Amino acid sequence: MIANEYHMGRKAGASILHSVRSAEALSRPFNTFVTINFWQLGSTAETIFRDFADLREAWFQRWSSYRPRKHASPRNGVPTYAYVHEATHDLPHTHWMVHIQPENATLFATRLEQVLIKTFNLAAIPEGALHVTAIENAEGLKLYMAKTLDPRFGRLWGIRTENGGRIAVRRADTSRNIGPSFWQPQKARYKEVLRLKKAA
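Treat the numbers as computed from the prediction; the structure is a model and nothing was measured.

How each quantity is defined
- Residues numbered from 1 in each chain as written.
- Predicted model: local features only at pLDDT ≥ 70, side-chain atom pairs only at ≥ 80, totals over all residues.
- Heavy atoms only, no water.
- Helix = DSSP H or I, 4+ residues; strand = E, 2+ residues; numbered from the N terminus.
- Phe/Tyr/Trp six-rings, centres within 6.5 Å; stacked < 30°, edge-to-face > 60°.
- Buried < 20%, exposed > 50% of the residue type's maximum accessible area, 1.4 Å probe, protein only.
- Core = buried A, V, L, I, M, F, W, Y, C linked by side-chain atoms within 4.5 Å.
- Salt bridge = Lys/Arg side-chain N within 4 Å of Asp/Glu carboxyl O.

**Remarks on unusual backbone geometry**
Peptide bonds are trans in most cases, and residues, glycine excluded, mostly fall at negative phi.
Argument step 1. At Asp90, a residue that is not glycine, the phi angle is positive and equals roughly 60 degrees.
Argument step 2. Of note in the backbone geometry, Val169 takes a positive phi value of approximately 70 degrees without being a glycine.
Argument step 3. Take Val169: it is sitting in the loop between helix H5 (151–157) and strand E5 (172–174).

**Re the packing of aromatic side chains**
Argument step 1. Applying the stated rule across the entire model yields 15 aromatic pairs.
Argument step 2. Taking the centre distance of 6.4 Å and the plane angle of 80 degrees together, the rings of Phe38 and Phe52 count as edge-to-face. Here Phe38, found in the loop between strand E1 (32–36) and helix H2 (48–65), pairs with Phe52, found in helix H2; they are 14 residues apart in sequence, far enough to count as distant.
Argument step 3. Residue classification places Phe52 among the buried residues on the basis of a relative accessible area of 0%.

**Quick word on the nonpolar core**
Argument step 1. With 26 residues, the main nonpolar core has Ile36, Leu55, Phe60, Trp96, Phe108 and Leu116 as its most contacted residues.
Argument step 2. Put simply, the parts of the chain that give this core at least two residues each are E1, H2, strand E2 (81–86), strand E3 (93–98) and helix H3 (105–119).
Argument step 3. Ranked by residue count, the leading element in this core is H2, at seven residues.
Argument step 4. If you look at the next biggest cluster of nonpolar residues, it comprises 21 residues, including Ala12, Ala23, Ile135 and Ala172.

**Some thoughts on the pattern of salt bridges**
Argument step 1. By the definition in use, this model includes seven salt bridges.
Argument step 2. Of the charged contacts, one joins Arg50 and Asp54 as a salt bridge, the two residues approaching to 3.0 Å between their closest N and O atoms. Here Arg50 and its partner Asp54 are both found in helix H2, four residues apart, which amounts to about one turn of the helix.
Argument step 3. By relative accessible area, Arg50 is classed as partly exposed at 39%.
Argument step 4. On the accessibility criterion, Asp54 (36% relative accessible area) is partly exposed.
Argument step 5. Salt-bridge contacts for Glu86 lead to Lys147; the nearest nitrogen and oxygen are separated by 2.7 Å. Taken together, the positions of Glu86 in strand E2 and Lys147 in the loop between helix H4 (138–145) and H5 put the pair 61 residues apart, joining distant regions of the chain.
Argument step 6. Classification of Lys147 as buried rests on a relative accessible area of 11%.

Take a look at the structure:
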């Protein structure tokens, strides 16, 4: 079933917009930006949510949390990320901001390509289907990822929006460690600090 979701909802939009500062607060800043053009791999608007969820759950969560026998700490640490699915011009694709330990950057990109090839039974990744780059401006990138926000909230939050195409199930989300249960108390404390400063 295709959700009536041409735009990102308020809850998902708020989490995307708070994700950068939340990740930084946990000392796991977003430093890697991934774009997967799932339409080139055979995924559709109906399947992109599940395809990406399988990628995260079957590979990335375990890969990031894996603890080598000879090392005291996990390979990459607690999975920390934010993502958004879009289907502009009916071409489903995913933008993914993620924290990757610098020493794991090459390994991450290599393993990601290998997993996609295996998952979609490909001989090789089609040209242009996968992009992995370093993030230089996460604050600016989050606004880019929020561009398919519902226009009502876009106007309220000062974000220029656009139609993101139809996406089934869920358009955007973050890892649990930087979700609403984390950023909402942070926001409340920040507001209280501002209130006390104004009252002083």
